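Take a look at the letters that make up each chain.
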Amino acid sequence: MIEMDKLYDSKTTEPEIQQLWEQEKIYQFKPNPDKEVYSIDTPPPTVSGSLHIGHVFSYTQTDLVARYKRLRKFNVFYPMGFDDNGLPTERFVEKKHGLKAHNMKRSEFLALCLKETEEVEKIFEVLWRSIGLSVDWTKLYSTISLKARKASQHSFVELYKKGYIYRKAEPSLYCTTCRTSVAQAELDSAEVSSTFNDIYFTTESGEKLSIATTRPELLPSCVAVFYHPDDARYQHLAGKQAITPIFNKQVPILADDLVDPAKGTGLVMCCTFGDQTDITWFKKHKLSFVQAIGNDGKWTELAGPLAGLAVHEARKKVLELLEQAGALIGKKSIVHHVSVHERCKQEIEYLVLWQWFIDVLNHKEKFLELADKITWKPEFMKIRYQEWVQNLSWDWCVSRQRYFGIPFPVWHCNSCKQILLADEAVLPIDPQETNYPGRSCPKCSSTDVIPDTDVMDTWNTSSLTPQINTNWPDVSPDGLTMPMSMRPQAHDIIRTWAFDTIVKSFFHNGDIPWHDIVISGHVLAGKDKISKSKENSKTSPEGLLASYPADVIRYWTASARLGVDTAFSENQLKIGHRLVTKLWNAFRFCAEHITGYEKPAQAPKLDQLNEWILTCLNKTIHGYIQAFDGYEYHAALEVAEKFFWADFCDNYLELVKDQFFNPDKYDAATIQGTRFVLYEVGFAILQLFAPFVPFVTDALYQRLYKVTEKEVSLHVTVLDEKRFDYTFDQSVQAVQCALAVVASVRKLKSEKQISLKTELQSLVIYGDREVQALLAQQETLLKGVTKSASIQFSTELLETEHMTQDGELFIAHVFSVLK
C-alpha cells in the first residue's frame, strides 16, 4: 500500500507539483490536428508596480476554464501578456528613478522602461505560477515588444490606407495633469462640490442679462451667448451683441434649440471649451476660438488677470473680480457630476490639438451587429456594450501627447502638409530617431520634413491582442487564426478593451475577434473595487499565499458568481481549506483499497450500492459539464462538491467500510466490484476538482493513479463522460431507501446521545412490501452500517419510536414511509 502522510503538506507539495508541470511542459501549446483548438485572449495586466488580490480573483477564474477545456480534450492555447506601454508604466519608471521622460532620448527611456518592466514581469510570473495558472509561458508577449510595436504600427498604416483613420485639429478631451489627450472611454464621472453662479452680461444698449454658470473662469474664452429660439423672453435679442463682464468683449447673441429654457436663466454662455455642447455650437455656428487654458492646465495670457492660474485658483479669482465689479448677482453651493480622467481622477478640459482619430461613429450599427454574433457571459453584459456604442459621441482619439509608447510611423511635410507613411517592410520604426527615407517630400520635393511626435493610445495596441497572439500581420507558426475562442475580462473595460478590440477586428478582418466573451466581477473593499491606485487591499497576493495554500485561494475565486462583484471572504478560504483536507483524508482511505489495483477490461459484477454511486456520478458529470460549458464555474463547483461531500463521503464511503472491515460477510465478487467502483469514482472526483484545486488533486493522482492511467499528470487526462456512463434506476431507488433507514437510525442514536457505533439487538423497519423487497437486498449492508444484529420488516405502523436499554442490548424501532 502507498504510504500517505496523515496531513496534507501544501508548503512542500505545491512547489513539487509546480516543478513537475514545468519539467514536463504539460501546458505548452503544440499544434495537433486531432484536437480542436481552444484559444484564450488573456488580458495583459498593467506593469506598474504590483498585482493585487483582484488580479488573482479574475485571472484564476480564467484558468478554471483553461483547465476544464484541457480535460475535455481541447488543445488549449493559453498565453500571457503584459501591458507595459501605457501611462502607468511611464509614471512608475519616472517615479522610481526620479526623472522625467522628456529629458531623455525616447530610445533611452524606452530601454529603461523595458529593463524595469522585465524585472516586474518576472515577479508577476512567479506569482502566477504559484497560484497555479496553467499558462503557456513560451507564448509570453508585452505590448511594447517589437512584435507588438510592429502589429500596432501595421494596424495604423493599414487603417489609414483604408480611410478609417484621419488627422485633424479638433477640440479634444485633455488631461492637464497627465499632459495628454484621452479617449471618451477613459473618462469617469465624479461628484464634486462647486457653486452655481449668476453673473451679469450687458447688451450694447445697457440691458442687463443674467447668465448662470458653474465655470465663470472660462469668461475670457466666451465667444457667444445662446437662448432657445422659442423662448419669448429673449427673442428681442436676436442679432444683438452681449458684452462680457471683466473682459468687456463683445460676443454675438444667438438662438439654438440645444438650450434648455428651464435651466438657470435660459441664457447660456458658450466658451471654448467648457463642454461638448460648446464644441457643437463652435462648429455649427462657426464661432471664433480663444484658448484660455494652456496644456499645463494654467490660464494663458489671453485670460488677462487670470493668466498663470490653475482652474480652481482662476475660478476663485474671477468670482472676486465679478463681485468687485458688481457683476456677481449671487451664487449657491451645489454638488454635481463632472468628467474626470480615470487614471488621475482630475477634471478633464477641452483643447484644440492635432490628433489622430479612428472613425467609429459612422460604423456604430455594424459594431452592434457584431455584438450579436458573440456569446456574452453573463448575457446581460451585452447590454452595457450596446448602451456604450449607442451613446458614443466622439470618434476614437488614438494619439497621446506622451513620451513613452508606440510612435506613429509618420512624418509630415511642412511645406505641402502631406502625411508621409513609413513603408510596412521597415516596421517598427521611430520617426523621431529615423529620417524619412530620401529626406524630401515625394509630393513637393521639400526637405522640410518633420516626424510625428505623438504616441499611440495604449488601447490602440491592447485592442490588437488577438492579432498579436496569432502573429499578425505574419502567419502564425502555430496555425492559429481569428476569431479566437474566448476573451476573459472585467466589466469595467467593456467600453474600452472589448469595444476597441471589436472595432479593430472588424476593420482588419471583417469579423468578430472571438466567439465568446466572459466577464468577471471585481473584488470589493467595502463598496469600492480593490485597485492599485487606491491601495485599498488589506492583503497582498503574496500575503495570501503565505497564509493559505494556493488551492484554497483558488477555491475562493471559484465560489464567486460570474460577472458579480464579490467581497473578499476569509470564510470562503476556510471552507476551501476544509475541502482540501477532506480530499486528502478521503483518498487516504481509498489508497488502502485501490493500491495495486489493476483495472479489468470490463466492469465486474456490481451490487446495488455501487450501481447507485455510479449513477449519481454520471448525473453529476453531466451537470458539471453543462455548467462549465456555460462558463458557470461556480455552479460546476457546487455540483462537484455536492456529490463529493454528500454522496461519496457521507454515504458511499461510510456504507462500503463494512465490506472492507468485515470481508467475511460479503462474497469476493462484491468486494472486487467495490474496489473497481472506488477506483473509478475516485479518479472522476479528482478530475472534477482538478480545475479548482489543481495542486492537491495532481498530488493524489501521482500517488494513486499515475501508474495505471499512464498520463504524466492529472491535468492532461481526459474527462470522458462515456467512461462513467452508468444508469441503474432500480438500484438508485433501493439505495435511497437504505440511506433513509441509515439516516433514521443515526438520528435516533444522536437524540439518545449514544455512539453511532453502539450495536443494536434488532432493527424494525416499517414500509410497504415494495419497499421491503428493495431493502431486503440491502440487508447485509444495513446490518453492517447500523450495527444491527437482526433486521425485521413490518407493514404495521407502531405507535411510537423508542429505544430502550436492557444491559448492553438496544432495540430500535424505525418508521419510514418510503415510496
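Residues numbered from 1 in each chain as written. Predicted model: local features only at pLDDT ≥ 70, side-chain atom pairs only at ≥ 80, totals over all residues. Heavy atoms only, no water.

Engineer: Could you clarify how one ought to interpret the overall build of the protein chain in this entry?
Structural biologist: Each helix and strand in the protein chain was counted, giving 23 helices and 30 strands. Over its C-alpha trace the protein chain gives a radius of gyration of 36 Å, far above what one expects of a compact globule, namely 28 Å for 819 residues. With the C-alpha coordinates of the protein chain rotated into their principal frame, the extents come out at 115 × 65 × 45 Å. In the protein chain, which comprises 819 residues, the proportion classed as buried is 55%. Considering only intrachain contacts with a sequence separation of at least 6, the fraction spanning at least 24 residues in the protein chain is 78%. Just so you have it, the protein chain exposes about 35400 Å², and 49% of that area is on carbon and sulfur atoms. (Helix = DSSP H or I, 4+ residues; strand = E, 2+ residues; numbered from the N terminus. Rg over C-alpha atoms; globule rule 2.2 N^0.38 Å. Buried < 20%, exposed > 50% of the residue type's maximum accessible area, 1.4 Å probe, protein only. Contact = heavy atoms within 4.5 Å. Areas by Shrake-Rupley, 256 points an atom, 1.4 Å probe, with all protein chains shown as cover.)

Engineer: Is there a simple way to explain the pattern of salt bridges in this structure?
Structural biologist: In a structure, side chains of opposite charge can pair up when their charged atoms sit close to one another. A complete count under the given rule lists 26 salt bridges for this structure. Glu-116 is the salt-bridge partner of Lys-96, the closest N and O atoms lying 2.7 Å from each other. Residue Lys-96 is found in helix α3 (residues 87-97), and its partner Glu-116 is found in helix α4 (residues 106-130); the two are separated by 20 residues along the sequence. Looking at Glu-116, the relative accessible area reads 2%, which means it is buried. For Asp-474, the salt bridge is made with Lys-150, and the minimal N-O distance between the two is 3.1 Å. Of this pair, Asp-474 sits in the loop between α11 (465-469) and β22 (484-490) while Lys-150 is found in helix α5 (residues 146-162), placing the two residues 324 residues apart along the sequence. You can call Asp-474 partly exposed: its relative accessible area is 42%. (Salt bridge = Lys/Arg side-chain N within 4 Å of Asp/Glu carboxyl O.)

Engineer: Even after reading the chapter, I still don't get helix α19 (residues 694-704), so can you show me in this structure?
Structural biologist: Because an α-helix packs 3.6 residues into every turn, residues spaced three or four apart end up facing the same way. Counting buried positions along α19 yields nine of eleven residues, so the element is predominantly enclosed. Among all positions of α19, only Pro-694, Phe-695, Val-696, Thr-697, Asp-698, Ala-699, Leu-700, Tyr-701 and Leu-704 are buried.

Engineer: Could you clarify how one ought to interpret the sheet that holds strand β6 (residues 180-181) in this entry?
Structural biologist: Strand-to-strand pairing in sheets goes through backbone hydrogen bonds, with the strands running parallel or antiparallel. With antiparallel pairing, the four strands of this open sheet are ordered in space as β6-β5-β14-β16. Among the strands making up the open sheet, the edge pair consists of β6 and β16 (396-397). Note that strand β5 (residues 165-175) and strand β14 (residues 349-358) share ten bridges and pair antiparallel. Its bridge partner lying in β14, Ala-169 is registered against Trp-354. Helix-sheet contacts for helix α6 (residues 276-284) involve β5 and β14, and the interaxial angle to β5 is about 140 degrees. (Pairing = 2+ DSSP bridges. Axes fitted to C-alpha atoms, helices over the stretch in contact; angles between N-to-C directions.)

Engineer: So what exactly am I meant to see when it comes to the sheet that holds strand β20 (residues 449-451) here?
Structural biologist: Ordered in space as β19-β18-β20, the three strands form an open sheet in which the pairing is antiparallel. Edge positions in the open sheet fall to β19 (419-421) and β20, since each of these has one partner strand only. Between one strand axis and the next, the sheet turns by 30 degrees as a mean value, whatever way the strands run. Pairing of strand β18 (residues 410-413) with β19, which is carried by three bridges, proceeds in the antiparallel orientation. What sits directly across from Val-410, in β19, is Leu-421. Packed on one face of the sheet, α5 meets β18 and β19 and runs near 130 degrees to β19.

Engineer: Where do I start with the packing of aromatic side chains in this structure?
Structural biologist: Centre-to-centre distance and the angle between the planes together describe a pair of aromatic rings. Under the definition given, this model contains 42 aromatic pairs. Measuring from ring centre to ring centre gives 6.1 Å for Tyr-160 and Trp-356, while their planes differ by 80 degrees; the resulting arrangement is edge-to-face. With Tyr-160 in helix α5 and Trp-356 in strand β14, the pair connects residues that are 196 residues apart, well separated along the chain. Its relative accessible area of 0% is what places Trp-356 among the buried residues. Through a chain of ring-to-ring contacts, three or more aromatic side chains come together here, namely Tyr-164, Phe-367, Trp-376, Tyr-385, Phe-499, Phe-506 and Phe-507. Sitting over the ring of Phe-74, Lys-69 keeps its end group 5.0 Å from the ring centre. Stacked on the ring of Trp-497, the Lys or Arg Arg-487 has its end atom at 3.1 Å from the ring centre. (Phe/Tyr/Trp six-rings, centres within 6.5 Å; stacked < 30°, edge-to-face > 60°. Lys NZ or Arg CZ within 6 Å of the ring centre and 35° of its normal.)

Engineer: How do you make sense of the side chain of Asp-136 when you look at a structure like this?
Structural biologist: Along the chain, Asp-136 turns up in the loop between α4 and β4 (141-142). Beyond its immediate stretch of four places on either side in the chain, Asp-136 contacts Tyr-27, Gln-28, Phe-29, Tyr-78 and Pro-79.

Engineer: What is the right way to read the packing of helix α18 (residues 668-689) against α19 from this model?
Structural biologist: Two quantities define a packed helix pair, namely the angle between the axes and the distance from one axis to the other. Two elements in contact, α18 and α19, have axes separated by 9 Å at closest approach and are oriented at 150 degrees. The angle between the axes of α18 and α19 places the two elements in the roughly antiparallel class. As for the relative orientation of α18 and α19, their crossing is left-handed in sense. Contacts between α18 and α19 involve Phe-683, Leu-686 and Phe-689 from the first element and Thr-697, Leu-700 and Tyr-701 from the second. Here the residues of the contact of α18 with α19 are counted per class, giving five nonpolar, one polar and no charged. (Parallel < 35°, antiparallel > 145°, perpendicular 65-115°, else oblique. Left-handed = near helix turned anticlockwise from the far one by under 90°. Nonpolar A, V, L, I, M, F, W, Y, C, P; charged D, E, K, R; others polar.)

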